[in-house]
Amino acid sequence: MSTPLFELTATTQISSLGMELRQYQHAATGARHLHFACNDANNAFMVVLPTLPQDSSGVAHILEHTTLCGSQRYPVRDPFFMMLRRSLNTFMNAFTGSDSTAYPFATQNRKDFDNLLKVYLDAVFFPNLHPLDFAQEGWRLEMRDEARDDQPPLEFHGVVYNEMKGAMSAPLSQLYHHLHAAVFPDTVYRHNSGGEPLAIPDLTHAALRDFHARHYHPGNAVFMTYGSFPESEHQQQIAELVLAHFQRPDGVIMSPLQPRFSAPRSADVHYAAEDEGERATHIVWAWLLGEAAEADDVVQAHLLSSILLEHSASPLRHFLETTELADAPSELCGVDDAARQLVFVCGVEGSDVQHAQALEQGIFEVLESVARDGVDAATLDAVLDRIEMAQRDIGGGSYPFGLQLMGRVMPAAMYRRDPARLLELDRVLDTLRREIRAPGFVAGLVRRLLLANSHRVRVTMAPDAAKAERDEARETARLVALAGELNDSARQRLLEQAAALRERQSRVDDPDVLPRVTLADVPAPTPAPRARLSQHHGVEVHRYDCAANGIFRMQLVYDLPDLTADELRVLPLLSEYLTEFGHGDEDYLAVQTRRALSGNFGTNTMARAPIAGGDLRGWFVITGKGLARKRDEVIAIVNEMLDGARFDEIEHLGELLMQSRAEAEQSLTDRGHQLAVISAARGFSVGAALDDLWDGPGAHRILKELAAADDDAALNRLFALFASIRDKLRHAPRRVALFGDAAVLDGAEVLAARVGAPVAPLCDPFVARIDEPAACNGWLINSQVNFSAKAYAAVAEDHPDAPLLAVLGRYLQDGFLHGEIREKGGAYGSGASYDTDSATFRFYSYRDPRALATLQDFDRALAWFAVDDDRQRLEEAVLGTIRALDQPRSPSGECERAFTNALYGRDDAFRERFRARVLAADHAALRAVAARYLAPAAGHVAVVCSSASEADYAGADLSFGKL
């Protein structure tokens, strides 16, 4: 009998998730394999390695990028992105954490799984790590194209270099890294694993190779698989392709624990800002807690966080939201589990340095109050219910559930603990449900984890208008010094390296070196789930029976009525704030406390044109989710939400506006490409204009205007608009959708329909009245990189050309933009796509060092396509479009998508028509739609950049304004 490749070391039935976790170890190398055995067809894989940086040069991050640029078995220059196009994957990526690097993928196709597994394993363990790939993905020096007296003759380039320039432009990113450096001063977590832009050029290619040799050993790795494919076959491939080439490593690589402080510490730091206005300081406090790999520590940390911060009535959040010493709670508030040890964070943004001590006193008064007075048992039970719901919830989005589970167990896998304990939390929850009954439980928790915990830091991060200039001067001085060291031969070597890189980037590799799936492997589409329809109390109820693992979901959907221009512009704020208001005789604090006992609730607003075009239709949606045993309470709360909402708590409305403004300002550098795209498309359709009004630069302007008018009269006017919208919704048609296990939904239809039929007479239908002044198309933010976009008018989704435009977007993105804008230009990302909501076609770049050259590349892409006739590239573009159309979701997610599509009129017949046109696409048809809609002169351009980059767009016909 042959010796097994892997030895089974543990088997655990995860009853709350209906699966089995099997743990294996490979004797010869020490490699570990976790397999999540279940019937899910969306199979997933992830390999995770410990990567412990010793500085902030970004070695782990740059290595992650460079491993995906070619390997021994697959010596093509870009296997990762080539496989992205040659696959039916439901997810592909790689990411670097603070102490680990992960390479995940998921697919429903067995052939595709084996293909991806081979490519991933070779890329991770046998990469080429070519010096030119390091230069492209990490950093390099190049001679400046045009000599200027005010700039050095050299400049830094590189994808990660530019990515991190964009990432570290965000104050919140800077605060996060300052916080980790303060909490973990003696461990790897003090370093920025992504790379500090000023430190990235310290990394050498030799150091990159050494880091890979030390860290990328399978004996240090954890291989994880999930789904219905047999784990024995995965193990066979892993053993043959990887493990046979290695022996057990000398020791285990693991990040050490941070030694505990004997007394609290503080740090005063600065971030780059264009001005040093009042109330622009971030002040946060952090406590080091237990270990992220220990289930008891994790659940207790989240229990504590929920008690203190869950909603506006939670004591600590209430203080942070209502204090006059700051504008809003910090977005870092909560439990941070990115390191080996957990961290609890609270704090504020929009404050001043001199308020730090007063804020700290207020925080500790709240903590002492909670320890002294405790928390009622119902609230504690509800917190544990929400933890149980998070444990059970399979989710409704597109991120594969198998990868979600791997993320949950990653700390235990990396730090050599039992992963099953982080999945099977029933034991921990049962113990806590007993312990919370004991007098003094909350007091003991708060005192042990916070009040008596000396490992505490306070980080005060103030704006510094001169910091950006100092940082730029440091970089310039370095470049000047490097230029001064160049002799003729060194200068020639730089020119030769640049030429060699351009040649390598332009080289056409043989794609057949890589495995692939073809259109013949595309499965037939799965019909959408069908609802069981019924009428009760004059309300149409859509019931979707699905495997929901004990979670009940509900949607109450109102047709949007005809709204005035003023009502339309504030509708997203009503949607955002409705769950924050009081109800009837209860103030907002009492309401949030009561609703938190039952589940999670939200609201959102949607508007789209019918598939054949025409006037937009819109919906106002109230959602509820809870454990099955809370079904009736969830239904009652969803049904009461709109009708009884109080629009008179003026002080709280002012607080909400300040918080929204702070969040919007913090998001600018992350959403730069989205804002540019929305701005470029704004003038082409009512849907595109509505995008701007609700989610683009227009929405930012409205929010700033409302937050600035902080007086009772202005707030009462806003409340009056909310009340007017509510009154119109009372006259609007509505429908209810229910999602859950069949036994849970029995009897729910009648209860859910008690919201009642609309009040007569019915409202007039929705008309999007957008009365906004002409907008800028150049937006200035605090950023070290640019975001460029160009948009064109296109067609409605049911038009025969729409599927062709969808394929064309993939073709241009993969065939031209990726190589020119990302690889050669150094941007972190770029793309082209057809947008169904706005009936537009869009180009964009993301975290881009270039300006006009990128806008020119958008036009060059069309000229390139006019003469390109690569059949395989066409098939890959079609495959990618089909992959996006067929993206699977969880059972409840599929039902929710089916319900939403039914609202839009997108049934199976429509999907089949669209899909058939995609599969039939050929070059002639794509060239025809490109000529019909994408004449360069017809496009509109928009950019998001810094004030320093404004001049770089000279000649682009842009009108600039500040966001």
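All of these numbers come straight from a predicted model, not from anything done at the bench.

Applying the stated criterion across every chain, the model contains four cavities of 30 Å³ or more. By volume, the largest cavity amounts to about 60 Å³. Lining the largest cavity are Ala382, Asp385, Arg386, Met389, Ala596, Leu597, Ser598, Gly599, Gly626, Leu627 and Lys630. Put simply, the parts of the chain that give the lining of the largest cavity at least two residues each are α12 (377–392) and β21 (617–627). Top contributing element to the lining of the largest cavity by residue count: α12, with four residues. Class assignment of the residues belonging to the lining of the largest cavity gives a composition of five nonpolar, three polar and three charged.

Another aspect to go through is the packing of aromatic side chains. One pass over the structure, following the stated rule, counts 38 aromatic pairs. Considering the side-chain rings of Phe113 and Phe229, the 5.6 Å spacing of their centres and the 85° angle between planes classify their relative orientation as edge-to-face. Residue Phe113 is located in helix α3 (residues 110–125), and its partner Phe229 is located in the loop between β10 (222–227) and α8 (231–241); the two are separated by 116 residues in the primary sequence. Phe229 matches Phe113 in its accessibility class, with the two residues each being buried. Taking the centre distance of 6.2 Å and the plane angle of 70° together, the rings of Phe125 and Phe246 count as edge-to-face. Of this pair, Phe125 sits in helix α3 while Phe246 is found in the loop between α8 and β11 (265–272), placing the two residues 121 residues apart along the sequence. Phe125 gets classed as buried once you look at its relative accessible area, which sits at 3%. Of the aromatic side chains, those joined through ring pairs into one cluster are Phe45, Phe80, Phe81, Phe105, Phe113, Tyr120 and Phe229.

With mixed pairing, six strands are arranged side by side in an open sheet as β25-β26-β24-β27-β23-β28. If you trace the sheet from one side to the other, it starts and ends with β25 (829–835) and β28 (960–962), each paired once. Here the strands of the sheet are splayed against their neighbours by 15° on average, with no regard to which way each runs. Of the strand pairs in this sheet, strand β23 (residues 778–780) and strand β27 (residues 940–945) are connected by three bridges, and their pairing is parallel. Looking across to β27, one finds that Leu780 is bridged to Cys945. Docked against the sheet, helix α29 (residues 802–824) engages β25 and β26 (840–846), running at close to 170° with respect to β25.

Further remarks concern the pairing of β25. Counting buried positions along β25 gives six out of seven residues, so the element sits mostly inside the fold. Relative to β26, β25 runs antiparallel, the two being bridged by seven bridges. Across the sheet, the residue bridging to Gly831 is Tyr844, located in β26. Between β25 and β26, which follow one another and run antiparallel, lie four residues, and Ala839 among them has a positive phi close to 55°.

Bringing helix α1 (residues 59–67) into the picture now. With nine of its nine residues buried, α1 lies for the most part within the structure. Taken as a whole, α1 has its buried residues at Val59, Ala60, His61, Ile62, Leu63, Glu64, His65, Thr66 and Thr67.

Conventions used here
- Residues numbered from 1 in each chain as written.
- Predicted model: local features only at pLDDT ≥ 70, side-chain atom pairs only at ≥ 80, totals over all residues.
- Heavy atoms only, no water.
- 1 Å grid on protein atoms, 1.4 Å probe; cavity = no way out; pocket = protein on both sides within 12 Å on 5 of 7 lines; lining within 4 Å.
- Points joined across faces, edges and corners; volume = space filled by probe spheres on them.
- Helix = DSSP H or I, 4+ residues; strand = E, 2+ residues; numbered from the N terminus.
- Nonpolar A, V, L, I, M, F, W, Y, C, P; charged D, E, K, R; others polar.
- Phe/Tyr/Trp six-rings, centres within 6.5 Å; stacked < 30°, edge-to-face > 60°.
- Buried < 20%, exposed > 50% of the residue type's maximum accessible area, 1.4 Å probe, protein only.
- Pairing = 2+ DSSP bridges.
- Axes fitted to C-alpha atoms, helices over the stretch in contact; angles between N-to-C directions.
- Contact = heavy atoms within 4.5 Å.

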